[in-house]
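A look at the structure
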Amino acid sequence: MKRLKISASAHRDLQNLAGHTRKRWGDEQKQSYLGEIRTAFQTIRENPEIGIDRSTLKAGYRSLACRQHIVFYRCDDDTILIARIIHHRMDIQTHI
């Protein structure tokens, strides 16, 4: 199984997502949502081809939807890089 790496941008995305969710819906919902994101990461790790090919946005990128967010990632021989986690209403081209 490939190694999973989270980019600095994706890490910031997670921090922002967690902070916003906690402020708006509370800590329990924050934990639940982050758990779903972690499940999406594991799904990608187990089946890297599961995501939609997003090479038209950025070479080699794929994406997988997770509730209100889209996980963008790319794979090489032994690593999957989680590049960004973007809310579906955001302008993807600006943030990818």
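Here the structure is shown first, and the text comes after it.
Computed from a predicted model, the values in this text were never measured in an experiment. (Residues numbered from 1 in each chain as written. Predicted model: local features only at pLDDT ≥ 70, side-chain atom pairs only at ≥ 80, totals over all residues. Heavy atoms only, no water.)

**Re the pattern of salt bridges**
The condition is simple: Salt bridges are identified by distance alone: a Lys or Arg side-chain nitrogen within 4 Å of an Asp or Glu carboxyl oxygen. The helix count covers DSSP runs of H or I at least four residues long, the strand count covers runs of E at least two residues long, and both are numbered beginning at the N terminus. In this scheme, a residue with accessible area under 20% of its type's maximum is buried, one over 50% is exposed, and one in between is partly exposed, where area comes from a 1.4 Å probe on protein chains only.
Taken as a whole and judged by the stated rule, the model has four salt bridges. With its nearest N and O atoms 3.3 Å apart, the salt bridge here joins Asp27 to Lys30. Highlighted residues: Asp27 and Lys30, both in helix H2 (residues 27-46), separated by three residues, approximately one helical turn. Judged by relative accessible area, Asp27 falls into the partly exposed class, the value being 41%. Glu49 is the partner of Arg62 in a salt bridge, and the nearest nitrogen-oxygen pair spans 3.7 Å.

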